[in-house]
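The chain contents come next:
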Amino acid sequence: ATPTALMVGTGRGAQLGVLIRGPEVLESTLRADTIVLDKTGTVTTGEMTLQDVAAAPGEDRDEVLRLAGALESASEHPVARAISRAAAGAAARSAEELPTVAQFANREGLGVRGVVDGHAVLVGRPRLLSSCSQPLPTALAEVAREAEAAGRTAVAVSWDGRARGVLTIADVVKPTSAAAIRELRGLGLRPVLLTGDNATVAANVAAEVGIAPDDVIAEVLPEGKIEVVRQLQAANRVVAMVGDGVNDAAALAQADLGLAMGTGTDVAIEASDLTLVSGDLMAAVDAIRLARRTLGTIQ
Ligand code: ADP
Ligand code: MG
């Protein structure tokens, strides 16, 4: 490889909105046969919005949103931002401020806990609450089930040891994701959707962007994502992975070719070989094409 050809490659890469860590990266773009795509923030915009608030019998919906929103203000997760934004809006409309949070703790890929207004509040996957012996009452479990069947994410809210509400969150697929995934296939890469979100939501997103049901891996905890990459590698697949770094930086680093969404976290960018400045899957297509073409010119 001549440095000049590589310079051309990386220079054009910068124009296309792709930052390449170094020349050794180009080689992996030729060998990769599988591309693992993180769902939230990669295939979807990650700009989630709150659609609905349901309260358990005898509970107040406004209070469910207020305590959950206050707690989520301490988290960067797209789900958390949807909840805290809606709660801050509601508070501002009644000229109030959200209460502050004490003893905040994040359970990656599950949810958050902390003390708000003297209450021990828990917000996260319904599974997180049931594992803390706070199962959803029947009416709320039904709301969560329906939300997930409709492709939404259900987030449960409890305080002082009792489940009090369910928030329904919607995420949208990026407009370019389906076309980009088609092109990635054309480049010989088999797409795999990987997510911590529930299986129904994952299946809906996969169907929308053209990923086969067998290539959907859902409800994977953050530490499990690296394991998924390792297993694919153990099956002799050469794995590219695209993520935003919210819970997937270790998996990005494990992949043979890690691609970070430029809109993602700094850890993602540090853990990756290629950074897609635009935060768009089409940039992954451009990056792989450009890298392969660059190699073509120097071999
Ligand atoms: P993905 O793999 O799609 O990027 P994550 O692994 O980050 O998703 O999260 C998996 C699931 O955990 C989310 O869909 C959400 O249900 C739940 N979750 C994670 N963080 C939070 C949070 N701060 N508040 C509520 N729920 C959360
Ligand atoms: Mg993510």
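Just so we're clear, the structure is a prediction, and the values are computed from it rather than from any experiment. (Residues numbered from 1 in each chain as written. Chains lettered and ligands numbered in written order. Predicted model: local features only at pLDDT ≥ 70, side-chain atom pairs only at ≥ 80, totals over all residues.)

Comments concerning the overall build of the protein
Here's step 1: Scanning the protein from N- to C-terminus turns up 13 helices and 13 strands.
Here's step 2: The C-alpha atoms of the protein give a radius of gyration of 21 Å, which matches the 19 Å a tight globule of 299 residues would have.
Here's step 3: For the protein, the spread of C-alpha atoms along the three principal axes comes to 70 × 40 × 30 Å.
Here's step 4: By the burial criterion, 50% of the 299 residues in the protein qualify as buried.
Here's step 5: Once local pairs closer than 6 in sequence are excluded, the contacts in the protein between residues at least 24 apart make up 61%. (Helix = DSSP H or I, 4+ residues; strand = E, 2+ residues; numbered from the N terminus. Rg over C-alpha atoms; globule rule 2.2 N^0.38 Å. Buried ≥ 20, exposed ≤ 12 C-beta atoms within 10 Å, placed from the backbone. Contact = placed C-beta atoms within 7 Å.)

Looking at the environment of Thr 138
Here's step 1: With respect to the helices, strands and loops of the structure, Thr 138 is situated in helix α7 (residues 138-149).
Here's step 2: You can call Thr 138 exposed: it has 10 C-beta atoms within 10 Å.
Here's step 3: Spatially, the C-alpha atom of Thr 138 lies 9.1 Å from that of Ala 56, the residues being 82 residues apart in sequence.

Focus: the sheet that holds strand β8 (residues 162-170)
Here's step 1: Read across the sheet, six strands follow the order β3-β8-β7-β6-β5-β4 without closing on themselves; strand pairing throughout is antiparallel. Among the strands making up the open sheet, the edge pair consists of β3 (49-55) and β4 (101-107). Across the sheet, the mean angle from the axis of one strand to that of its neighbour is 20°, orientation sign disregarded.
Here's step 2: Pairing analysis gives four bridges linking strand β6 (residues 119-124) to strand β7 (residues 153-159), with the strands arranged antiparallel. Bridged to Gly 124 within β7 is Ala 156.
Here's step 3: α7 contacts β3, β7 and β8 of the sheet and is inclined by roughly 15° relative to β8. (Pairing = 2+ DSSP bridges. Axes fitted to C-alpha atoms, helices over the stretch in contact; angles between N-to-C directions.)

Regarding the site of ligand 1
Here's step 1: Among the 23 residues in the neighbourhood of ligand 1, the closest are listed as Thr 40, Gly 109, Thr 195, Gly 196 and Asp 197.
Here's step 2: Taken together, the elements giving at least two residues each to the shell around ligand 1 come down to α3 (39-43), α5 (78-93), β5 (111-116), β6 and β7.
Here's step 3: A per-class count over the shell around ligand 1 returns eight nonpolar, ten polar and five charged.
Here's step 4: Shared between two domains, the shell around ligand 1 holds at least three residues of each, these being domain 1 (3-45 + 173-298) and domain 2 (49-170). (Near = placed C-beta within 6 Å. Nonpolar A, V, L, I, M, F, W, Y, C, P; charged D, E, K, R; others polar. Domains from an automatic or database assignment.)

Points about the packing of helix α4 (residues 61-72) against α5
Here's step 1: Between α4 and α5, whose axes approach to 8 Å, the crossing angle comes to 125°. By the criterion of interaxial angle, the relationship of α4 to α5 is oblique. Handedness of the crossing formed by α4 with α5: left-handed. Taken together, the residues of α5 that come into contact with α4 (itself represented by Asp 62, Leu 65, Arg 66, Ala 68, Gly 69, Ala 70 and Glu 72) are Ala 80, Ile 83, Ser 84, Ala 86, Ala 87, Ala 88, Ala 90 and Ala 91.
Here's step 2: For the contact of α4 with α5, the residue count by class is ten nonpolar, two polar and three charged. (Parallel < 35°, antiparallel > 145°, perpendicular 65-115°, else oblique. Left-handed = near helix turned anticlockwise from the far one by under 90°.)

Brief notes about the sheet that holds strand β9 (residues 190-194)
Here's step 1: Pairing is mixed in the open sheet, where seven strands are placed in the order β1-β13-β12-β11-β2-β9-β10. The open sheet has two free edges, formed respectively by β1 (18-20) and β10 (216-217), since each of these has just one partner strand.
Here's step 2: In the sheet, strand β2 (residues 34-38) pairs with strand β11 (residues 239-243) via four bridges, with the strands oriented parallel. Looking at the pairing, Thr 34 lines up with Val 239 of β11.

A look at the confidence of the model for the protein
Here's step 1: Summing up the model confidence of the protein, the mean pLDDT is 89 and the portion of residues at 70 or higher is 94%.
Here's step 2: Within the protein, α4 carries the highest mean pLDDT (98), whereas helix α1 (residues 3-16) carries the lowest (54).
Here's step 3: The low-confidence segment residues 1-8 (pLDDT under 50) makes ten contacts with residues lying over four places distant or belonging to another chain.
Here's step 4: This prediction of the complex comes with two scores: 0.80 for pTM and 0.94 for ipTM. (pLDDT = per-residue confidence, 0-100.)

Structural notes on α4
Here's step 1: Between its first and last C-alpha, α4 extends 16 Å over twelve residues, near the 16 Å set by a 1.5 Å rise per residue.
Here's step 2: Burial analysis of α4 places nine of its twelve residues in the buried class, the great majority of the element.
Here's step 3: Turning to α4, its buried residues number three or more, namely Val 64, Leu 65, Arg 66, Leu 67, Ala 68, Gly 69, Ala 70, Leu 71 and Glu 72. (Expected span 1.5 Å × (residues − 1).)

Describing the environment of Val 201
Here's step 1: Tracing the chain through its elements places Val 201 in helix α9 (residues 199-209).
Here's step 2: Taking the C-alpha atoms as reference points, Val 201 and Arg 162, separated by 39 residues in sequence, lie 26 Å from one another.
Here's step 3: Leave out the neighbours within four places in its chain, and Val 201 touches Glu 148, Gly 151, Arg 152 and Thr 153.

Some details on the nonpolar core
Here's step 1: Of all hydrophobic cores here, the largest spans 52 residues; its most connected members are Leu 193, Met 241, Leu 259, Ala 284 and Ala 287.
Here's step 2: Top element by residues in this core is helix α13 (residues 281-298). It accounts for nine residues. (Core = buried A, V, L, I, M, F, W, Y, C linked by C-beta atoms within 7 Å.)

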